[in-house]
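A structural walkthrough
As a plain string of letters, each chain reads:
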Amino acid sequence: MAAGVSPWLRPRRRNRRLIVWSAGRREDVRCLYSAAMAGARSGKQIASKSEDFDRWYVDVVRRAELADYAPVKGCMVIRPYGYALWERTRDALDAMIKRTGHENMYFPLLIPESYLAKEAEHVEGFAPEVFWVTQGGTRQLEERLAIRPTSETIICSMYADWIHSWRDLPVLINQWCNVARWEKRTRLFLRTAEFLWQEGHTFHATDEEAAAEVDTMLDCYRELAEEWLAMPVIKGRKTESEKFAGARYTLSIEAMMSDGWALQAGTSHHLAQNFTTAYGIRYSDRDNALQHPFQTSWGLSTRIIGGLIMAHGDEAGLVIPPRVAPIQVVVVPITRSDDDEAARIDEACSRIEREVPADVRVRVDRREAMRPGEKFAHWELRGVPVRITVGAKDLVEGNVTLVRRFDGEQTVVPLEGLGARLQSLLDEVQLAMRARAQGLLDQRSVDVQTLDDLVAAFTEQPVFASGPFCNRAECEQAVKASVHALTIRNLRSDRSSDGAPCVACREPAEFVALMARAY
RNA sequence: CGGGGCGUAGCGCAGCCCGGUAGCGCACCUGCUUUGGGAGCAGGGGGUCGCUGGUUCGAAUCCAGUCGCCCCGACCA
């Protein structure tokens, strides 16, 4: 027994009795989850999630080797495992973007100040966050260059030359890129001075078509969050004070983190003709009249990785939904000094490797210097959805042990036919993770009718509170002032107030506001 | 940008009050024994003590400045 493992682990281990999965039916599955968690904690790699959530978050990001701080304040290095997670997320979204008719392209990083300045509300909104390049080599530049905080301005400037006719519309484009914004308070993934994202930009002949585009893309974000990242979200419209600078309106998806705080996970903006007017984009319509097209933009960033971590992680670290997991199944051989036995175990591992379907991402952890217990902790910290342990005891019966990361459920199953069964197991885990996250959201959502209700709702713990709201700035202030750090996340698109009185002013309200503390 | 805290080996820390040329745990390297929940023994490598200046025979330690990071409040994907 390892020094440093809680003493009560010992009897728990003796009690371990797992019934074999026979004829496709599971019986008497014993969960060793809490024991595993205790072991992980004694390894003192990460802070306790329940005791210090913020510290836990940073620990998970760094210890699981997702990312680390870079030398420049607010900047981060995304390490291979974290980048693989982003790639899987990105590829899923990229497919949706293409499925809905968009094409990828690329605009430059540097934007002349004069380009940025044309849309007044936009430039004012972004002014505090822009990085400026003032020098090229040793020479002072004649005009300052902004490092893009977003690309509406340069895209409009270019499309002013490219859009001439109604036949040129719609324009449906997207780019994957980095952007930079000066941030005073930064957090790994959630708010960094430079981040990766996609920004979609479209131009349309009609207001309605643009509005439909804004909805369509928000729904892609919802699909990504729910179907891939197993994070249920609430769709809605941002208030005036929270909308994108220069937009007519902004839609968002808001996800609940496991501490009850909200995370804005994606936004979609209706820009109306605000930019196309300012940037002089005009086309001749069917009647040969000059028109400004209607425009949208929408973005989703590496912040979503932070959301994934906070939505699903537990005391032992990261828990990744199978569909985006860089490694879905890890195989840990329980090596023995007995050569014959070692050879049989190794052959069983190789067989699993051979027999899994090609689209299941499996890794056999053959590191010799590391003991099995440490490997368990290592892969749990990294959130690998399924672990298979291959040891002499199980192998005598032709079995291996299989453990699901997200709930610790452990079963002994026959090696025969294991490969074919893995995909359905992964699908099962994906759905169960989504259901669990939905359960948390349901459990910690409350309806409120008054500010008193609102205050009461937050006395125990952070929640998602929904209540009638008139969408006036004074009432938004009143809501924010009623509970510490509270914000209006969005005006829910799935709920109607039916004219019930606004939580703040008591006048008949048109909307139902989602109110929560947010990252 | 206001308030608080911290910078000593890759990580976590002690040493500082009371100056005398740097230590502990983990990690790392080598060997042997181990291997079903973070192994044991033995040996070994690694640090301009954030930076600059000052005081002093002598500074991780005292003084001044500066930079960076973290946490809490006003702005944001």
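In this text the structure is predicted, and so the values were computed from the model without any measurement.

**With respect to the overall build of chain A**
- Looking only at helices and strands, chain A has 16 helices and 23 strands in total.
- Relative to the 2.2 N^0.38 estimate, which gives 24 Å for 519 residues, the radius of gyration of chain A is 26 Å and therefore close to what a compact globule would have.
- Each principal axis of the C-alpha atoms in chain A carries an extent, and together these give about 85 × 55 × 50 Å.
- Within chain A, buried positions represent 52% of all 519 residues.
- Across chain A, contacts joining residues at least 24 apart in sequence account for 69% of those joining residues at least 6 apart.
- Of the roughly 23,400 Å² that chain A leaves accessible, carbon and sulfur atoms contribute 49%.
- Of note, chain A has its 67 positive side-chain charges centred 6 Å away from the centre of its 73 negative side-chain charges.

**With respect to the nonpolar core**
- Formed by 58 residues in total, the largest nonpolar core has its most connected members in L66, F189 and I309.
- It is helix α8 (residues 207–228) that contributes the most residues to this core, nine residues altogether.
- A domain split of this core shows at least three residues from each of domain 1 (9–49 + 327–423) and domain 2 (76–312).
- In this view, F189 contacts Y57, V61, L66, A67, M76, T302, R303, I305, G306 and I309; residues no more than four positions away in its chain are not counted.
- Listed in part, the 23 residues of the second largest apolar core include I154, Y159, Y279 and I281.

**As for the sheet that holds strand β20 (residues 445–447)**
- Across the sheet, which stays open at both edges, the eleven strands sit in the order β3-β7-β8-β14-β11-β10-β9-β22-β23-β21-β20 with mixed pairing between neighbours. Single-partner strands in this sheet number two, and they are β3 (103–104) and β20.
- Two elements, strand β9 (residues 233–237) and strand β10 (residues 249–256), share five bridges in a ladder whose sense is antiparallel. Opposite K235, over in β10, you have I253 as the bridge partner.
- Packed on one face of the sheet, helix α4 (residues 80–99) meets β3, β7 (171–180), β8 (194–204) and β14 (294–301) and runs near 160° to β7.

**So, a nonpolar patch on the surface**
- Together, Y106, L109 and L110 make up a nonpolar patch on the protein surface, roughly 270 Å² of accessible area in all.
- Along the chain, the position of Y106 falls in the loop between β3 and β4 (110–112).

**Comments concerning the packing of α4 against helix α10 (residues 303–312)**
- Contact geometry of α4 with α10 gives a least axis separation of 10 Å together with a crossing angle of 105°. Relative to α10, α4 is oriented roughly perpendicular. Across the interface between the two elements, L85, W86 and T89 from α4 touch I304, I305 and L308 from α10.
- Along the lines of polarity and charge, the residues of the contact of α4 with α10 split into five nonpolar, one polar and no charged.

**Here we look at the sheet that holds strand β16 (residues 362–364)**
- Across the sheet, which stays open at both edges, the five strands sit in the order β16-β15-β17-β18-β19 with mixed pairing between neighbours. At either end of the open sheet lies a strand with only one pairing partner, and these are β16 and β19 (410–414). For this sheet the average axis-to-axis angle between neighbouring strands, irrespective of direction, equals 25°.
- Sheet topology places strand β18 (residues 399–404) next to β19; five bridges connect them, and they run antiparallel. Across the sheet, residue L402 finds its bridge partner in β19, namely T411.
- Against the sheet, helix α12 (residues 372–381) contacts β15 (329–333), β16 and β17 (386–390), and its axis sits at roughly 170° relative to β15.

**So, the layout of surface pockets**
- Of the volumes computed, that of the second largest pocket is approximately 1,500 Å³.
- If you go around the second largest pocket, you meet 47 residues; those closest to its centre are R181, E183, R191, Q264 and R303.
- Among the secondary structure elements, those contributing two or more residues to the lining of the second largest pocket are α3 (53–63), α6 (120–126), β8, β11 (262–272), β14, α10 and β22 (486–492).
- A class-by-class count of the residues in the lining of the second largest pocket yields 15 nonpolar, 16 polar and 16 charged.

**Considering the environment of L418**
- Along the polypeptide, L418 turns up in helix α14 (residues 418–443).
- Residue class for L418 comes out buried when judged on its relative accessible area of 2%.
- C-alpha of L418 to C-alpha of E355: the two residues are 63 residues apart in sequence and 7.8 Å apart in space.
- Ignoring any residue separated from it by four or fewer positions in sequence, one finds L418 in contact with I352, I388, V400, L402 and V413.

**Notes on the pairing of β17**
- Counting buried residues in β17 gives five out of five residues, a clear majority hidden from the surface.
- Judged by which residues are buried, β17 turns out to be covered on both faces: V386, I388 and V390 on one side and R387 and T389 on the other are all buried.
- Bridge count for β17 against β18 is four bridges, and the pairing is antiparallel. Within the sheet, the bridge partner assigned to I388 lies in β18 and is L402.

**Notes on the side chain of S48**
- In this fold, S48 is placed in the loop between α2 (33–42) and α3.
- Owing to a relative accessible area of 10%, S48 belongs among the buried residues under this scheme.
- Within the structure, the side chain of S48 is placed 3.1 Å from the side chain of S50, a separation counted as a polar contact.
- Within the local environment of S48, its side chain forms a polar contact with the side chain of E315, the two groups lying 3.3 Å apart.

Each value, and the rule that gives it
- Residues numbered from 1 in each chain as written.
- Chains lettered and ligands numbered in written order.
- Predicted model: local features only at pLDDT ≥ 70, side-chain atom pairs only at ≥ 80, totals over all residues.
- Heavy atoms only, no water.
- Helix = DSSP H or I, 4+ residues; strand = E, 2+ residues; numbered from the N terminus.
- Rg over C-alpha atoms; globule rule 2.2 N^0.38 Å.
- Buried < 20%, exposed > 50% of the residue type's maximum accessible area, 1.4 Å probe, protein only.
- Contact = heavy atoms within 4.5 Å.
- Areas by Shrake-Rupley, 256 points an atom, 1.4 Å probe, with all protein chains shown as cover.
- Lys, Arg positive; Asp, Glu negative; His and termini not counted.
- Charge placed at Lys NZ, Arg CZ, Asp CG, Glu CD.
- Core = buried A, V, L, I, M, F, W, Y, C linked by side-chain atoms within 4.5 Å.
- Domains from an automatic or database assignment.
- Pairing = 2+ DSSP bridges.
- Axes fitted to C-alpha atoms, helices over the stretch in contact; angles between N-to-C directions.
- Patch = residues over 30% accessible without salt bridge, like charges linked within 9 Å, V, L, I, M, F, W, Y side chains within 5 Å.
- Salt bridge = Lys/Arg side-chain N within 4 Å of Asp/Glu carboxyl O.
- Parallel < 35°, antiparallel > 145°, perpendicular 65-115°, else oblique.
- Nonpolar A, V, L, I, M, F, W, Y, C, P; charged D, E, K, R; others polar.
- 1 Å grid on protein atoms, 1.4 Å probe; cavity = no way out; pocket = protein on both sides within 12 Å on 5 of 7 lines; lining within 4 Å.
- Points joined across faces, edges and corners; volume = space filled by probe spheres on them.
- Polar contact = N/O pair within 3.5 Å; in protein donor to acceptor, adjacent residues only side chain to side chain.

The values reported here are purely geometric and, on their own, carry no functional implication.
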